[in-house]
Amino acid sequence: MSDAPLVFTPRPADPPPPSTIGVVGWMRANLFSSVPNAILTFLGAYIFYVVVYAIIDWALIKAVWEAENRRQCLDMVGRSGACWPGVAAWIPNLIYGLYPKDQVWRINTGFLILIAWAVPLWLPRVKSKVAIGLSLVLLYPLLVSYFFHGGAQTLVWTALIALGGAAFLWVWLTTLAEMRFGLGFGALVARLAGAADDERARRIGWGALAALYVLALLIVSQLSFVEVQTRLWGGLFLTLVISGIGIAFSLPAGVLLALGRRSQMPLIRVFCVTFIELFRSVPLITILFMFNTMLPLFLPQGVEVNRLLRAIVAVCLFASAYMAEIVRGGLQAIPKGQYEAAAAMGLGFWQSTSLIILPQALRIMIPSIVGNFIGLFKDTTLVSIIGLFDLLSMSRAVGEDTRWLGLFIEPFFFITLIYFVFCFLMSQYSLNLERRLGEGQRR
Amino acid sequence: MKPAIELIGVSKWYGSFQALKGLDLTVAEGERVVVCGPSGSGKSTMIRCINQLERHQKGDIRIHGRALSGEAKTDAPILRETGMVFQSFNLFPHMTVLENCTFALTWVKQMPQREAEATAMAHLERVRIPEQARKYPLQLSGGQQQRVAIARALCMAPRIMLFDEPTSALDPEMIKEVLDTMVELAGTGMTMVVVTHEMGFARTVANRVVFMDQGEIVEQAEPELFFSAPRYDRTRMFLSQIL
């Protein structure tokens, strides 16, 4: 025997036994692993079949697709099949409420602007995504408020609408400039103008923005839409307005409240704790009632706050209180070392919070945040009790129409599908977001 | 030699528990000081007071002759001369290795992106992991992560480097690569304060070893003397337990 060490050669891995992989392996492991399991599998499959068949039978096979009124439906199939013509006749109202038919294009345009505004957020080469996202939350409502409401423009309102309009122009000019030249709008104009130094370039950039604002002002002052009072708003449109504002408001407000609750400054902390605990301990219905009936009592005579606005404020405050606690949970999950590392490199509170802590915290909070958004979207149905005609109350109105008297199930079925589509899209998008943001952060 | 760090009667309490009991310590420019002691002896608290991750309540701390006031605004430029390496690395997991390094350069020093990346790559090369620049921290081994943390601190061009038990969270196989990096750094004349139990490192690199217990400095000496002839029984007992 010599002193040379033995050579260790790892053994190659064997393939797994065939019965544990593939479709057969999966079924054996998950559906038929034991006798009770197999019985449950067959029982479950049977129940699933019965329920799904009953629904398809009612909604599709026996359903009536053409009729003048509910009487005709009942004469044809009785109650065993759905009566869809009633829903079809009411679809415009289910979507737009009592909004005047000839003005509905304004709502559609408003939502198209929303989509156009958000598109750059998904384009790969756009760098100013944070600015675009912020402008979407802060300035888009200014522009769209005029599309939705219309009426005479006061000086201040015109200025605000134009701010929204200018922001929209800026979003797309910057998007195009960054995709084509890799420079933002202001920087591109400065480059074209041949700015000599940074100071000059910055001034030219601001000048370009001012020019954009003047342009928007000119366009906006030419617009003149008929006023559509908010009491005519309704249906899916109203639901989206309330929940959209609630969602857009509650996330930033929740972040600020959560930071405030963790603040070292007692006054801020006490205010935030009080606000959060107060609004979280009261049902949304109560808050809506409070805002609807009590608020006018406290306001001076003659000051009229719009009913829709009252509902929106109530929903926003309620949602931010919930969001604050979700965000706080996320902040607590970030190890103290992250703050310390940021501080040791000379970052201030706002820098380390917004660039180190929140991006990590928000990522782990995505499931709860989106869950909250979905909850908020569905909770907006509660505004029906203070006399707003959201999607749910609109669907109830179908059965009160003399032609379709008693037609309740079909409209409910229809709006259930609408709610499902929206909520399902939200939850799928959140899963997708989680996957993309999670890249590289797992071992 | 001009002093880089001066602690004068520094005391620190957590509630009613006194963690530091009037510490006096001067570290000269270019000096390499190893701080050791049992857990709870206040060595981490001391090093964290130097860069104000913990506020001391009594006494003075001076960095290159400039006293810390406790005001974040006035202290910030003074503290920028210190860099810190933590036991648990504390890299930012949502950024790549390169972004970890360029981050503070662009946000604190307002350095243009390209210049910041060049600086960061230079330091990553110095710790011998430029090829990992595009990966995320959690895709690296512990030793590599700690070397990134060292590079990240060096990017800010500190004149003083503080190490808080940099190898305690590492597997034995990885301790050496981090220590080698630190030895190289010591060769450049950097002022270093290192809290560690790596006595081999202390022996070869340190100019001075400081032994702490119960919030006080028990004794300090050149490594040669410290290991061969400790004066206090407490030091002897500690050494007998870890060597």
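See above for the structure.
Keep in mind that this is a model prediction, so the values were computed, not measured.

Asker: Explain the overall build of chain A to me, please; I cannot follow it from the model alone.
Answerer: In terms of regular secondary structure, chain A is built from 18 helices and 1 strand. By its C-alpha atoms, chain A is 105 × 75 × 50 Å across when sized along the principal axes. At a minimum sequence separation of 6, the contacts of chain A that also span at least 24 residues come to 69%. Accessible surface computed for chain A: about 25400 Å², of which carbon and sulfur atoms make up 70%. The averaged location of the 23 negative side-chain charges in chain A is 5 Å from the averaged location of its 33 positive side-chain charges.

Asker: Quick question: what am I supposed to make of the interface of chain A and chain B here?
Answerer: Residue-level contacts link 20 residues of chain A with 22 residues of chain B. Carbon and sulfur atoms supply 63% of the area buried between chain A and chain B, which totals about 1900 Å² over both sides. Remark: the boundary between chain A and chain B carries 1 salt bridge. Residues R48(B) and E340(A) are paired through a salt bridge, measuring 2.5 Å at the closest nitrogen-oxygen approach. Viewed at the interface, chain B and chain A are joined by 6 residue pairs in polar contact (both at pLDDT 80 or more). Those elements that place two or more of their residues in the side of chain A that touches chain B are α15 (336-344) and α16 (349-379) of chain A. Per-element tally for the side of chain A that touches chain B: the top contributor is α15(A), with 8 residues.

Asker: Just checking my understanding: could you explain the packing of aromatic side chains for this structure?
Answerer: Pairs of aromatic rings are described using the distance from one ring centre to the other and the angle between the two planes. Following the criterion strictly, the structure yields 29 aromatic pairs over all chains and no others. Against the face of F181(A) rests R180(A), its NZ or CZ located 5.2 Å from the ring centre. Between R203(B) and the ring centre of F227(B), over which it is positioned, the NZ or CZ distance is 4.5 Å.

Asker: Whenever I open this one, the environment of L257(A) confuses me. Can you help?
Answerer: Residues and elements named next belong to chain A. Here L257 is to be found in helix α11 (residues 235-261). A residue is classified by how much of its surface remains accessible, and L257, at 9% relative accessible area, is buried. C-alpha separation for the pair L257 and T20, spaced 237 residues apart in sequence, amounts to 52 Å. For L257, the residues in contact, after removing those within four places along its chain, are C272, F275, I276, S320, A321 and A324.

Asker: So what exactly am I meant to see when it comes to the side chain of Q144(B) here?
Answerer: Residue and element names in this part refer to chain B. Structurally, the position occupied by Q144 is in helix α5 (residues 142-155). Under the relative-accessibility criterion, Q144 is labelled buried at 18%. If we ignore the near neighbours within four places in the chain, the residues touching Q144 are I129, Q132 and E177.

Asker: Explanation requested: helix α3 (residues 97-107) of chain B in the structure shown.
Answerer: The periodicity of an α-helix, 3.6 residues per turn, causes residues three or four places apart in sequence to face the same way. Judged by how many residues are buried, α3(B) sits mostly within the fold: 9 of 11 residues are covered. Turning to α3(B), its buried residues are V97(B), L98(B), N100(B), C101(B), T102(B), F103(B), A104(B), L105(B) and T106(B). Turning to α3(B), the residues buried within the fold contact α16 of chain A together with α4 (113-126) and α5 of chain B.

Asker: I keep staring at the pairing of strand β9 (residues 208-213) of chain B and nothing clicks. Help me out?
Answerer: Note on strand geometry: in a regular strand, side chains alternate between the two faces of the sheet. Residue and element names in this part refer to chain B. Of all 6 residues making up β9, 6 are buried, and the element is well covered by its neighbours. The two faces of β9 match: R208, V210 and M212 on one face and V209, F211 and D213 on the other face are all buried. Of the strand pairs in this sheet, β9 and strand β10 (residues 216-221) are connected by 5 bridges, and their pairing is antiparallel. Directly across from V210, in β10, lies its bridge partner Q220. If you look at the hairpin formed by β9 and β10, you'll find 2 residues sitting between the two strands, and Q214 has a positive phi there, around 50 degrees.

Asker: Sorry, what's going on with the sheet that holds β9(B) here?
Answerer: In a beta sheet, neighbouring strands pair by backbone hydrogen bonds and run either parallel or antiparallel. Residue and element names in this part refer to chain B. Ordered in space as β6-β7-β8-β3-β9-β10, the 6 strands form an open sheet in which the pairing is mixed. The sheet is open, and its two borders are formed by β6 (82-85) and β10, each paired with just one other strand. Across the sheet, the axes of successive neighbouring strands diverge by a mean angle of 20 degrees, strand direction being ignored. Relative to strand β8 (residues 191-195), strand β3 (residues 32-36) is paired through 4 bridges, and the arrangement is parallel. Note on β8: the bridge partner recorded for V33 is V193. Running over the sheet, α5 touches β6 and β7 (160-164) and is turned about 170 degrees from β6. Helix α6 (residues 172-186) contacts β3, β7 and β8 of the sheet and is inclined by roughly 150 degrees relative to β8.

Asker: Is there a simple way to explain the nonpolar core in this structure?
Answerer: If you look at soluble globular proteins, the nonpolar side chains tend to sit buried side by side. If you look at the biggest cluster of nonpolar residues, it comprises 192 residues, and the most contacted ones within it are M161(B) and M192(B). Take this core: its biggest share by element is 15 residues, from helix α14 (residues 307-332) of chain A. Setting aside residues no more than four positions away along its own chain, M161(B) makes contact with G83(B), V85(B), I150(B), A153(B), L154(B), L185(B), M190(B), T191(B), M192(B) and V193(B).

Asker: Got a minute to help me understand the pairing of strand β2 (residues 17-28) of chain B in this structure?
Answerer: Residues and elements named next belong to chain B. Pairing of strand β1 (residues 3-14) with β2, which is carried by 8 bridges, proceeds in the antiparallel orientation. Counterpart to Y14 in the pairing with β2 is F17. From the end of β1 to the start of β2, which pair antiparallel, there are 2 residues, and G15 there has a positive phi angle of about 65 degrees.

Asker: Any chance you could explain the state of the cysteines here in plain terms?
Answerer: As used in these notes, a disulfide is a covalent bond between sulfur atoms, one from each of two cysteines. Applying the stated criterion across every chain, the model contains 1 disulfide over all chains. Shown here is the disulfide that connects C73(A) with C83(A), its sulfur atoms set 1.9 Å apart. On the S-S bond that ties C73(A) to C83(A), the torsion sits near 65 degrees, and the link is right-handed. Of the two residues, C73(A) sits in helix α3 (residues 70-77) while C83(A) sits in the loop between α3 and α4 (84-96), which places them 10 residues apart along the sequence. No difference in accessibility class separates C73(A) from C83(A), as the two residues are buried. The cysteine C316(A) is free of any disulfide, with C272(A) supplying the nearest cysteine sulfur at 17 Å. With no disulfide of its own, C36(B) lies 19 Å from the sulfur of C49(B), the closest cysteine sulfur.

Asker: Got a minute to help me understand the side chain of E410(A) in this structure?
Answerer: Residue and element names in this part refer to chain A. Inspection of the secondary structure assignment puts E410 in helix α18 (residues 409-437). Within the buried core, E410 has no salt-bridge partner, and the shortest N-O distance to an opposite charge, that of R70, equals 5.5 Å. From its side chain, E410 meets the backbone nitrogen of C83 in a polar contact 2.9 Å long.

Asker: Would you mind going over the packing of α15(A) against α16(A) with me for this structure?
Answerer: Residues and elements named next belong to chain A. Where α15 contacts α16, the axes come no closer than 10 Å and their chain directions differ by 155 degrees. Relative to α16, the element α15 lies roughly antiparallel. Classified by chirality, the crossing of α16 by α15 is right-handed. Judged by residue contacts, Q338, Y339 and A342 of α15 engage S352, I356, I357 and Q360 from α16. Residues of the contact of α15 with α16, tallied by class, amount to 4 nonpolar, 3 polar and no charged.

Conventions used here
As a convention, each chain's residues are numbered from 1 in the sequence order in which they are written. Chains carry letters and ligands carry numbers; both start at the beginning, A for chains and 1 for ligands, and go up in the order they are written. Given that the model is predicted, a residue must reach a pLDDT of at least 70 before its local features are reported, and side-chain atom pairs must reach 80 or more before they are shown or counted; all residues, however, enter totals for whole chains, interfaces and linings. Only hydrogens and water are removed before side-chain values are computed, so all heavy atoms of the structure are retained for them. Each helix is a run of H or I in the DSSP string that is no shorter than four residues. Each strand is a run of E no shorter than two, and both are numbered from the N terminus. Any two residues whose heavy atoms approach within 4.5 Å are treated as being in contact. Surface accessibility follows the Shrake-Rupley procedure with a 1.4 Å probe radius. Residue values consider only the protein chains on display as shielding. We treat Lys and Arg as the positive residues and Asp and Glu as the negative residues; His and chain ends play no part in the count. To locate a charge, take NZ of a lysine, CZ of an arginine, CG of an aspartate or CD of a glutamate. Once two parts are joined, some of their accessible surface, as seen by a 1.4 Å probe, is lost; buried area is that loss totalled over both. Any Lys or Arg side-chain nitrogen found within 4 Å of a carboxyl oxygen on Asp or Glu counts as a salt bridge. Think of a polar contact as two N or O atoms within 3.5 Å of one another; within protein, one of them needs to be a possible hydrogen donor and the other a possible acceptor, and neighboring residues in sequence only count if both atoms come from side chains. When two rings of Phe, Tyr or Trp (its six-membered ring) have centres within 6.5 Å they constitute a pair, described as stacked for plane angles under 30 degrees, edge-to-face for angles over 60, and tilted for the intermediate range. Geometrically, a charge over a ring is one whose NZ (Lys) or CZ (Arg) sits within 6 Å of the ring centre while staying within 35 degrees of the ring normal. Exposure classes here rest on a 1.4 Å probe applied to the protein chains alone. A residue is buried below 20% of its type maximum, exposed above 50%, and partly exposed in between. Here, a strand pair is defined by DSSP locating no fewer than two bridges between the strands. To get an axis, fit a line to the C-alpha atoms, keeping to the stretch in contact for a helix; angles then go from 0 to 180 degrees between the N-to-C directions. Among the buried residues, those of types Ala, Val, Leu, Ile, Met, Phe, Trp, Tyr and Cys that are joined through side-chain atoms within 4.5 Å form a nonpolar core. Disulfides are defined as cysteine sulfur pairs within 2.5 Å. Roughly parallel here means an angle under 35 degrees, roughly antiparallel means over 145, roughly perpendicular means 65 to 115, and every remaining angle is called oblique. Helix crossings fall into two classes, left-handed where the near helix is turned counterclockwise from the far one by less than a right angle and right-handed where it is turned clockwise. Only Asp, Glu, Lys and Arg are considered charged, only Ala, Val, Leu, Ile, Met, Phe, Trp, Tyr, Cys and Pro nonpolar, and every remaining residue, Gly among them, polar.

That is the geometry; function is a separate question.
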